Amino acid sequence: MRRKLAAGNWKMNGTGSALEELETLSNTHKTAEVEILICPPATLLALAAASTQGSAVAIGGQDCHQQVSGAHTGDISADMFADAGARAVILGHSERRTDHAETSELVAAKTTAAWAAGLTAIVCLGETLQERESGETLKVIGKQLARSLPDGATAANTVIAYEPVWAIGTGKVPSLDQIAQVHGFLRASLAERFGTGMAEATALLYGGSVKASNAKDIFALEDVDGALVGGASLKAADFSPIIRALEAS
Ligand code: PGA
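Quick summary incoming for the structure in this document. All values reported here derive from a predicted model rather than from experimental measurement. (Residues numbered from 1 in each chain as written. Predicted model: local features only at pLDDT ≥ 70, side-chain atom pairs only at ≥ 80, totals over all residues. Heavy atoms only, no water.)

**A closer look at the packing of helix 10 (residues 212-219) against helix 11 (residues 236-248)**
A pair of packed helices is characterised by two quantities: the angle between their axes and the separation of those axes.
Then comes step 1: Between helix 10 and helix 11, the shortest axis-to-axis distance is 9 Å and the interhelical angle comes to 20°. As far as their axial angle goes, helix 11 and helix 10 are roughly parallel. When you trace helix 10 past helix 11, the crossing you get is right-handed. Along its contact with helix 10, which presents Ala212, Ala215, Lys216 and Phe219, the element helix 11 presents Pro241, Ile242, Ala245 and Leu246.
Then comes step 2: In terms of residue class, the contact of helix 10 with helix 11 is made up of seven nonpolar, no polar and one charged. (Axes fitted to C-alpha atoms, helices over the stretch in contact; angles between N-to-C directions. Helix = DSSP H or I, 4+ residues; strand = E, 2+ residues; numbered from the N terminus. Parallel < 35°, antiparallel > 145°, perpendicular 65-115°, else oblique. Left-handed = near helix turned anticlockwise from the far one by under 90°. Contact = heavy atoms within 4.5 Å. Nonpolar A, V, L, I, M, F, W, Y, C, P; charged D, E, K, R; others polar.)

In structure tokens:
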């Protein structure tokens with residue numbers, strides 16, 4: 001059976017008081033039938049890892065540097081995230097690709113670094129509105145997947161998140177057919193490169209304006225194995241119903 005994952009991306013949100021939300025979440029989900037991951041800002045990571053111990057909630061990082069250590073002011077390595085208690089790291093998010101001009105080649109280097117540190121790499125891909133409207137969605141995503149994913153990808157060390165750029169933080173969500181098409185394409189592309197066994201076992205997340213009200217329908221799609229959630233992961237009261245919907249799917 002494929003792993004199912006409800007992942008929360010807090011982005012640049014949350015100071016100390018946000019840990020109360022995390023405590024509520026971990027008290028609500030002491031055990032779970034799916035994997036639960038919260039990726040807080042790096043400043044909260046160690047505290048978050050400590051406060052979720054003994055619950056089903058795991059902690060992850062948001063982006064890492066491709067080197068293990070060195071003269072890179074302001075950066076954090078995958079090893080450091082692992083040392084602070086992270087189990088996974090979000091890589092290649094469109095906000096990194098846009099704000100920090102990250103290329104897929106750089107994302108691949110970061111993915112290798114994440115694996116070396118024992119972290120699951122959550123590799124994000126997605127088309128812009130312009131690319132969708134000009135019919136280039138699958139071409140763009142195929143290219144991002146091929147270039148962002150190094151050869152060593154397995155179902156254990158990698159999760160793919162399809163996040164249309166135009167759906168992130170906008171309240172706009174692709175149609176279920178559009179999501180199904182991209183996820184089917186991702187599964188087939190993984191099978192072509194890594195074999196059917198790997199493709200069938202790898203979790204494919206959808207991300208972009210997921211909330212309690214649309215989660216059930218999205219999770220009912222055959223090739224959707226969970227979600228990467230931004231805004232609706234900040235409050236336990238919003239994220240818990242999404243976790244429940246995944247458990248019920
Ligand atoms: P959103 O963000 O759920 O706020 O749209 C998703 C993401 O960027 O991972």
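Continuing now.
**Re the nonpolar core**
Then comes step 1: Among the nonpolar cores identified, the biggest contains 61 residues, and Leu22, Ile160, Leu186, Leu190 and Phe239 are the most heavily contacted of them.
Then comes step 2: A per-element tally of this core places helix 11 first, with six residues.
Then comes step 3: Ranked by size, the runner-up nonpolar core spans 14 residues in total, among them Cys39, Ala58, Ile122 and Ala203. (Core = buried A, V, L, I, M, F, W, Y, C linked by side-chain atoms within 4.5 Å. Buried < 20%, exposed > 50% of the residue type's maximum accessible area, 1.4 Å probe, protein only.)

**With respect to the layout of surface pockets**
Then comes step 1: Taken as a whole, the largest pocket holds about 550 Å³ of empty space.
Then comes step 2: In terms of lining, the largest pocket is formed by 20 residues, of which the most central are Lys11, Met12, Gln62, Asp63 and Arg96.
Then comes step 3: Broken down by element, the lining of the largest pocket gets its largest block of residues, three residues, from helix 4 (residues 94-99).
Then comes step 4: Its residues placed into classes, the lining of the largest pocket shows eight nonpolar, six polar and six charged.
Then comes step 5: Around the second largest pocket sit 19 residues that line it, and Arg97, Gly126, Glu131, Val140 and Gln144 are the ones nearest its centre. (1 Å grid on protein atoms, 1.4 Å probe; cavity = no way out; pocket = protein on both sides within 12 Å on 5 of 7 lines; lining within 4 Å. Points joined across faces, edges and corners; volume = space filled by probe spheres on them.)

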